[in-house]
Amino acid sequence: SDKTGRGDTGLESAEATVLMLGMTIPAAGRRNGRGLLAASACVLLCLPLAAAFTATPVTFGRLPAHTVAARASGPLRNVALRSARAAPALSTLEMKVPKIIQGGMGVQVSSWKLAREVCRAGELGVISGTAMETVLIRWLQMGDPDGLYRRALAAFPDQGMAQRILDKYFIEGGKADNKPFRNPPMWTLEPNQDLVEATILGNYAEVWLAKHNDDGTPVGGEGAVGINCLTKIQLPTIVNLYGAMLAEVDYVLMGAGIPMEVPGILDKLAEHQDAKLAIDVDDAPDTMYTHFSPAKLWERTGTYKIEKPLPRPSFLPIVSSVTLAQAMLKRATGAGPTKGIQGFIIELPTAGGHNAPPRGFRYDAAAKSHKLSLNDKGEPVYGEKDTVDLDKFKSAVKGLPFWLAGFYARPEKLQEVLAVGGAGIQVGTSFAFAKESGLLQSVKDDVLQRVQNGDLTIFTDPVASPTGFPFKVLELEDSLSVKDKYEARPRICNLGYLRTPYISKEGKLGYRCASEPIDDYLKKEGDLAATEGRKCLCNGLMANAGLPQVYNYKAKGAEENYVEEILITAGDDINQVRQYMKPTEDGRLEYGAIDVINYLLGRFKEEYTAEHNLYSDADKAEDPKVREALLAKKQELAEKIQEVDKQLKTGK
């Protein structure tokens, strides 16, 4: 794109392709945007080589690699030209490789509705795999409006299991607003059968809904559905994955940690084999594991028989460095030359939610040495060591596709990634406030209105999350991002997803969370300093999705019982939503997931149309072979334009 943002004419892109081969287009051809035969002949001579430039085995490709390469500038250009000459080979697994991945955002912000809309557009829609058993249980207690989850449960292969959760939690018409939700048991290394069943059903239902239309028919098309799980929330991981796989999830994405064992677990679950996962247990003398056996699960239910393997989803770890990607390709537990990994997502520190800490940064509650690495606002300082050399990354991952995340929700950024050999981008924040997301409608209305009136700010909190990872918080007056408001909140831990297992001085296994009541934490041999600044993310994020817990006691100075309040996370590019939002008839501001996709992919139609115009005189070529080749190329470009139109839903 030139400095005016208008981009070049398409002829210039083709000219750049020719120049890469040491050829030139006559001056008259360069001036004539319609494309003279002299220019066309030059392009024709390049067709065999140009075809090699763009030959990718599996792709949603809309824009030829050589065209993207020609548009790249600065340090990206050399990498782009090399990428155009040697398109990477993908793994041997059949994959639907999107240009756009809708980021996973919990709790249920990346809802089944959002994932389904992105999937319908031919890209990768992703549901959140965080606390899905609690999400399902709470929606059932809300009366399951429109019968959505009951429809998904009716498709579950074990109807006995589905009926048990309905009998236990479903409330016809929904609970009273002032009544608390019933919570499932908290996770431990040895969960009970009810919790396992609820977790399987919760993940199954969310994936199933994302993959089906309202009438129950499959969405179909070229899109795909994935599930995003936090590596740091270890205890439910295997069961989450099995539930999602029963619904034939296409992708598994995992960050906030190093999911080294997950590829092997996916291999085993696909065959219904027993699986185990090493759990981080403080002060444990030996490695401890959580175990899951599909065979024993179905044996206990007594109503379902395993008949065939499950489709093994593609696995995309979310990483922040070349070193981590190399380590996973070397030590991950999956089968095959890439250890069960089908690609990588490179997440930069500008992305929302949990971020990888800066290189060398370590939160130390007692010594507080981490404060030496904070800026004036108290945020972690990221530097040169935290950047990713894409040339080295591409070489390190040996042809696997990769996507970039963090401030990439721009068409020019997408094209830059494609130019350097990437598969595309992951976008979270722009989708988080779309009308299909699971975020509370009042929050979306408020945020969009505030963005219209001025820029919002994000605070990268180094201590809020009990995981120890920096956590992005959207600074809103009426939320728990306000210190006094959070301190007035009754301190409680009743969901426990971020609890850490530990071995006490007496050798007993226990569970603690730095955001639980301080007295409880200290009784569990926790350090008082570790509780400072910690926030209960589990309850705050549940409130974001419109499922807040109600308590039988009051906050400080309040007259009514306390209802959990919101704690919104977003990426640094929150103000980018201005590009999509538009007023509705009732005076609100709104946009849909398809608006985001159209914005990001719309440039491809411009490129193809400009290149198509280059062949406008193809039928006038005197040589029959030249004419045939030029007309074939013209038809190919016309088909690509139609393909983009179909994805953009323009209907043209």
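The structure we're discussing is the one just above.
Each value, and the rule that gives it
Residues numbered from 1 in each chain as written. Predicted model: local features only at pLDDT ≥ 70, side-chain atom pairs only at ≥ 80, totals over all residues. Heavy atoms only, no water. Helix = DSSP H or I, 4+ residues; strand = E, 2+ residues; numbered from the N terminus. Buried < 20%, exposed > 50% of the residue type's maximum accessible area, 1.4 Å probe, protein only. Expected span 1.5 Å × (residues − 1). Contact = heavy atoms within 4.5 Å. Core = buried A, V, L, I, M, F, W, Y, C linked by side-chain atoms within 4.5 Å. Phe/Tyr/Trp six-rings, centres within 6.5 Å; stacked < 30°, edge-to-face > 60°. Salt bridge = Lys/Arg side-chain N within 4 Å of Asp/Glu carboxyl O. Polar contact = N/O pair within 3.5 Å; in protein donor to acceptor, adjacent residues only side chain to side chain. 1 Å grid on protein atoms, 1.4 Å probe; cavity = no way out; pocket = protein on both sides within 12 Å on 5 of 7 lines; lining within 4 Å. Points joined across faces, edges and corners; volume = space filled by probe spheres on them. Nonpolar A, V, L, I, M, F, W, Y, C, P; charged D, E, K, R; others polar.

**Re the overall build of the protein chain**
Looking only at helices and strands, the protein chain features 23 helices and 18 strands. Expressed as a percentage of the 652 residues in the protein chain, the buried residues total 57%.

**A few points about helix H18 (residues 441-453)**
Taking 1.5 Å per residue, 13 residues should reach 18 Å; H18 reaches 19 Å between its end C-alpha atoms and fits that length. Summarising the contacts, the buried residues of H18 are in contact with helix H17 (429-432), strand S12 (471-474) and strand S18 (589-590).

**Focus: the nonpolar core**
Counting 149 residues, the largest nonpolar core has Phe344, Phe393, Phe431 and Phe433 as the members making the most contacts within it. The biggest single contributor to this core is helix H10 (residues 193-210), with 11 residues. Apart from residues no more than four positions distant in its own chain, Phe344 is found in contact with Leu316, Pro317, Val319, Ala325, Met328, Leu329, Phe393, Val397, Leu400, Pro401, Phe402 and Trp403.

**A few points about the packing of aromatic side chains**
Throughout the structure, instances matching the rule amount to 11 aromatic pairs. Ring centres of Tyr551 and Tyr553 lie 5.3 Å apart, and the angle between their planes is 20°; this geometry places the pair in the stacked category. Residue Tyr553 is classed as partly exposed on the basis of its relative accessible area, which comes to 34%. Ring geometry for Tyr580 versus Tyr599: centroids 5.5 Å apart, planes at 75°, classification edge-to-face.

**Topic: the environment of Gln163**
Looking at the element boundaries, Gln163 is found in helix H9 (residues 159-169). Remark: the alpha-carbon pair of Gln163 and Arg150, spanning 13 residues in sequence, is separated by 9.6 Å.

**Digging into helix H12 (residues 262-270)**
Where burial is concerned, most of H12 is hidden: seven out of the nine residues are buried. Regarding H12, the residues found buried are Val262, Pro263, Gly264, Ile265, Leu266, Leu269 and Ala270. In the core, the buried residues of H12 are packed alongside helix H11 (237-246), strand S4 (251-255), strand S5 (275-279), strand S6 (288-292), helix H13 (294-301) and strand S7 (314-319).

**What about the pattern of salt bridges?**
With the rule as written, the count across this model stands at 22 salt bridges. For Lys524, the salt bridge goes to Glu516, with nearest N and O atoms at 3.0 Å. When its relative accessible area of 22% is taken as the criterion, Lys524 is described as partly exposed. Judged by its relative accessible area of 4%, Glu516 falls in the buried class.

**Some thoughts on the environment of Tyr242**
Mapping Tyr242 onto the fold places it in helix H11. Counting along the chain gives 30 residues from Tyr242 to His272, while the straight-line C-alpha distance between them is 8.7 Å. In this view, Tyr242 contacts Ile200, Leu269, His272, Phe292, Pro294, Leu297, Trp298 and Leu310; residues no more than four positions away in its chain are not counted. At 2.9 Å, the side chain of Tyr242 forms a polar contact with the side chain of Trp298.

**As for empty space enclosed by the protein**
Under the counting rule described, the total for this entry stands at six cavities of 30 Å³ or more. Its boundaries defined by the atoms lining it, the second largest cavity holds a volume of some 60 Å³. In this structure, the second largest cavity is lined by Gly129, Thr130, Ala131, Glu133, Cys229, Leu230, Ile233, Pro236, Thr237, Asn240 and Tyr497. Among the secondary structure elements, those contributing two or more residues to the lining of the second largest cavity are strand S3 (224-230) and H11. A class-by-class count of the residues in the lining of the second largest cavity yields six nonpolar, four polar and one charged.

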